[in-house]
Structures are given as C-alpha cells and as structure tokens.
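Read off the chains here:
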Amino acid sequence: IVAALSDQLTGDTEIPLLLLEEPLLYRMLEFRFETAVEFVAEVRDLARQLRPGVVVQAAFVPPSHIGHDMTSPRSWLTVQSYKKYRDVLDELLCVVHWGPDVVRFETARAVESSGGKVKVTTSMRLYGPTRPEEVAQLGEAALAGGSDGVSFLGYDVATDELLKALRTWVDDRGSCNA
C-alpha cells in the first residue's frame, strides 16, 4: 500500500525530528491532548448524568494525504488521536475521503489504535469525485479494515446514481442499520 500511495504520502514526515529537537513543542502537544481528553471526559460524565445512556462520539479526519491538508491543520495540531480518546468516547468516526486502499489502511489504523475499546465507524464521501462504481469498493474496504460500521456523507449533493449504488451495495450485503 505504501509503495502504491507513495506520491500521496507526503504529510508530516518532518514532525518526529522536530519533536525530538524541540522538546517544548512535544510537551505543549502532550498538554493539549491531555486537557482536551480531560474536557471530553468531563462533558461525557455531565451528559450521562443528565441523560443516562447517551452515546458520546467524535469524528476524526486521519493524517493528511495530498490535497487534503492544504487548508486544514494537521491532525496532531488539532488533537485528534484514536488512542488518546478511546477511554472517554463510545464511538469514533474515521472520516476518509479517498480511494479504497486509503480507506482500508486508515480504517485499520483507527481500529488498531482504539484497541477495541470503542466502536469505529468509517465515513466516506458520497459526492464529488466519488463514482457509483466505487461505492461498493469503498464500503468493502472499510469493512476489510475492521470497521464496525460504514457511513457515507452525501449532504444534499449526492446524485441519484450514487444513492442507487449505495442502495445496491446495501441490498447485495443483505443488511442495513439505516
């Protein structure tokens, strides 16, 4: 997979060296993660006091791939970590807007990092460059990566062709939690 995606894997290759050379940055990031996770835990506890049984979830966009990080902060700056939040959330959404290989890879990474402590659902786009013939491939890639569920983000721009392809995939699999 890495060889096949080598032209797209151009994200944070400089970060490990930067963190080693600048320990203050590492400590600052640790602090940001610790306080963010603590805050989410406090919100979860309050929500459960007010409404027992409430499900707490977060949606994370995996580390950047080419074209994805041009206008957005890197995941390490926006305190996204499946591993760090796995003890304070019930569900994690792994939002991957790429092809099947990346979907499978990022889903497997999310599942592994969450350590089986939370439900992982992979969300993919059902608009833009996604083609109808890709819908089943994307869904199967998420499941092959170990996702507990699959969701497609269509907003109000999913075409009829994409919606039909999604329905066909769901019908072919014989299950749906819609």
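Keep in mind it's a predicted model, so treat the numbers as computed, not measured.

Looking at helix H5 (residues 132–144), one finds that the buried residues are Val135, Leu138, Gly139, Ala141 and Ala142. Around the axis of H5, the buried residues are gathered within 160° of arc, so they sit on the same side. Against the buried residues of H5 lie helix H4 (100–114), strand S3 (119–125), strand S4 (149–153) and helix H6 (160–173). Glycine 146 lies just past H5 and shows a positive phi near 100°.

Next up on the list: the pairing of S4. Within a regular strand, side chains alternate between the sheet's two faces. Both S3 and S4 contribute to a ladder of 5 bridges, which runs parallel. Looking across to S4, one finds that arginine 125 is bridged to leucine 153. Between the parallel pair S3 and S4, the chain is carried across by H5, and the sense of this crossover is right-handed.

Our focus in this paragraph is helix H2 (residues 23–50). Between its first and last C-alpha atoms H2 spans 41 Å; for 28 residues at 1.5 Å apiece the expected length is 40 Å, and the two agree. Residues Leu29, Phe33, Ala36, Val37, Ala41 and Arg44 constitute the buried set of H2.

Applying the stated criterion across every chain yields a total of 6 salt bridges. Between arginine 44 and aspartate 45 there is a salt bridge, with the nearest N and O atoms lying 2.9 Å from each other. When the shortest N-O distance is used, the salt bridge between aspartate 90 and arginine 48 registers 2.5 Å. On the criterion of sequence distance, the pair formed by aspartate 90 in the loop between helix H3 (82–85) and strand S2 (91–95) and arginine 48 in helix H2 is long-range, its members being 42 residues apart. Since its relative accessible area comes to 25%, aspartate 90 is described here as partly exposed.

The rules behind each value
Residues numbered from 1 in each chain as written. Predicted model: local features only at pLDDT ≥ 70, side-chain atom pairs only at ≥ 80, totals over all residues. Heavy atoms only, no water. Buried < 20%, exposed > 50% of the residue type's maximum accessible area, 1.4 Å probe, protein only. Helix = DSSP H or I, 4+ residues; strand = E, 2+ residues; numbered from the N terminus. Arc of directions from axis to C-beta. Contact = heavy atoms within 4.5 Å. Pairing = 2+ DSSP bridges. Right-handed = clockwise from strand over helix to strand, strands pointing away. Expected span 1.5 Å × (residues − 1). Salt bridge = Lys/Arg side-chain N within 4 Å of Asp/Glu carboxyl O.

Any functional reading would require information that these geometric values do not contain.
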